[in-house]
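# Structure at a glance
Chain residues, written in single-letter form:
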Amino acid sequence: MTQSLPPLRLGIAGLGTVGRGVVRIVQTHGALIAARAGRRVEIVAVSARSQKDRGIDLSAYAFEADPVALAQRPDIDVFVEVMGGHEGAAKAATEAAIASGKDVVTANKALLAHHGQALALAAEAKGRVIRFEAAVAGGIPVIKALTEGLAGNAMKRVMGVMNGTCNYILTRMEATGQGYNVLFDECAKLGYLEADPNLDVGGIDAGHKLSLLSSIAFGTQVAFDAVELQGIQNILLDDIRMAKDLGYRIKLLGVTQMTGRGLEQRMTPCLVPADSPLGQLQGGTNMVVLEGDSVGQIVMRGPGAGEGPTASAVMGDVIDLARGTRVSTFGQPASTLTKAIPAKAQAPSAWYLRMTLLDKPGALAKIATCLGEAGVSIDQMRQNGHEGIHAPVLIVTHKAAPADIADAVARFAGTGVLVGEPVALRIEEV
Ligand SMILES: NC(=O)c1ccc[n+]([C@@H]2O[C@H](COP(=O)([O-])OP(=O)(O)OC[C@H]3O[C@@H](n4cnc5c(N)ncnc54)[C@H](O)[C@@H]3O)[C@@H](O)[C@H]2O)c1
Ligand SMILES: N[C@@H](CCO)C(=O)O
Ligand code: NA
């Protein structure tokens, strides 16, 4: 007869959206979890900023006002960090948990994007791991897919729409004909925005997630600073409409790939074919596209945020630890991850260029000349009527290097016919 294992004891720091969800799953699915893990999972202690009523019964758990004290308790096995923030309490408590020999489960992409390598090394030195399924694309089990199911593949490219708020804004712009500012305000009212909304609309939150996927996919140390970031704040309704006319949709798309030029990581608004899985992704849903040399392309779609989906991911990690499944934090020992060499030049692609010109003879010709001088070839060029003396102009280029596009855009400024700033978006082959 096998001897039954003692319960796995959790300390949960943070009782907000995610923390409450974790407590609810542990309380409602105790028997199911015990059957699957071969042992019970128990909550021993919790920590939050206050002891206010949260609509869940916490009476059986010890309360620690200080998350560091929670992390150091000798009666917990796993520290669940669902507070947020990449400095301060989350970092101090995670370090304390590791130092006192606990495994860590976290939903905190910002913390790992900034300190992932140091934390993973510290955990490894103690024979511990950090699991973070909830941190990337919420409920989609993409970390598990990459570290386990696809471990026999050399990964070629990973792409993702991983900020639900941005995808909500972009798809609602198309569906309602309302502009960015109106939909930003709607997101604020619906509570979709991070405390600092620039984390969402500036692409930073999604960039954090991409940097974690890069590390696992390519065996490199997390290099968030090397992610090229561009937000969605400058996308106009006109862009959404013109992209649609061309057969595309605009997505805040993350792409990471290892090229002969180095590691390319970008999180930028891109045009993708409207009929592709990425192009069809609506609302706040996330999608991750994984391309491996043996498996080909895998598309995973699902909820990237919210209490249930995020807590589901946290519990998947907890149950792995209860079962004794201990995959290294980034899929291989942190000491073997190589330093990422950021690509000096990013891959060429076709480009969408939108600008406003003075509607006068020769204006378009001057812009065409700039493109020619920069070595960029034009595929399509459209002027959609005019607004007084201003003419909105759309140009689609053949494949061109980003440096050549930047060169052309710099030349536009000297023509005397440009009004405002042009917008250049990649047309991504997905
Ligand atoms: N909400 C989501 O849908 C979602 C999805 C994926 C990942 N995440 C991540 O999960 C984490 C938590 O997010 P959330 O939405 O649950 O946040 P939240 O703001 O709803 O809750 C945060 C909780 O942490 C507690 N807390 C914060 N600082 C503390 C401190 N110094 N000491 C003690 N307690 C402290 C707060 O009291 C609160 O209970 C973040 O890292 C977030 O990025 C959230
Ligand atoms: N602000 C994030 C939450 C999940 O990380 C989003 O909109 O997707
Ligand atoms: Na996930």
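Thresholds applied
Residues numbered from 1 in each chain as written. Chains lettered and ligands numbered in written order. Predicted model: local features only at pLDDT ≥ 70, side-chain atom pairs only at ≥ 80, totals over all residues. Heavy atoms only, no water. Buried < 20%, exposed > 50% of the residue type's maximum accessible area, 1.4 Å probe, protein only. Helix = DSSP H or I, 4+ residues; strand = E, 2+ residues; numbered from the N terminus. Pairing = 2+ DSSP bridges. Donors = N, O, S within 2.8 Å, 3.2 Å for Na, K, Ca; no water. Axes fitted to C-alpha atoms, helices over the stretch in contact; angles between N-to-C directions. Parallel < 35°, antiparallel > 145°, perpendicular 65-115°, else oblique. Left-handed = near helix turned anticlockwise from the far one by under 90°. Contact = heavy atoms within 4.5 Å. Nonpolar A, V, L, I, M, F, W, Y, C, P; charged D, E, K, R; others polar.

### Notes on the pairing of strand β10 (residues 262-273)
Where burial is concerned, most of β10 is hidden: 11 out of the 12 residues are buried. Of the pairings in the sheet, the one linking strand β9 (residues 248-259) to β10 comprises 12 bridges and is antiparallel in character. Each residue of the ladder has a partner; that of Tyr248, found in β10, is Pro273. Counting the residues between successive antiparallel strands, the hairpin from β9 to β10 contains 2 residues. With 2 bridges joining them, β10 and strand β16 (residues 418-427) adopt parallel strand pairing. The partner of Leu271 across the bridge, within β16, is Ile427.

### Some words on the coordination of the sodium ion (ligand 3)
Within the protein, Glu133 (O), Glu133 (OE), Val136 (O), Gly138 (O) and Ile140 (O) serve as the donor atoms for the sodium ion (ligand 3), at 2.3 to 2.6 Å. In primary sequence terms, the donor set of the sodium ion (ligand 3) follows E-x2-V-x1-G-x1-I. On the accessibility criterion, Glu133 (6% relative accessible area) is buried. By relative accessible area, Gly138 is classed as buried at 1%.

### Thoughts on the packing of helix α2 (residues 30-37) against helix α12 (residues 307-323)
Geometrically, a packed helix pair is captured by the angle between its two axes and the distance between the axes. Remark: α2 packs on α12, axes separated minimally by 9 Å, with the N-to-C direction vectors making an angle of 45°. Of the possible angle classes, the one that applies to α2 and α12 is oblique. Here α2 and α12 pass one another in a crossing that is right-handed. Residues Ile33, Arg36 and Ala37 of α2 pack against Met315, Ile319, Ala322 and Arg323 of α12. Of the residues that constitute the contact of α2 with α12, the class distribution is 5 nonpolar, no polar and 2 charged.

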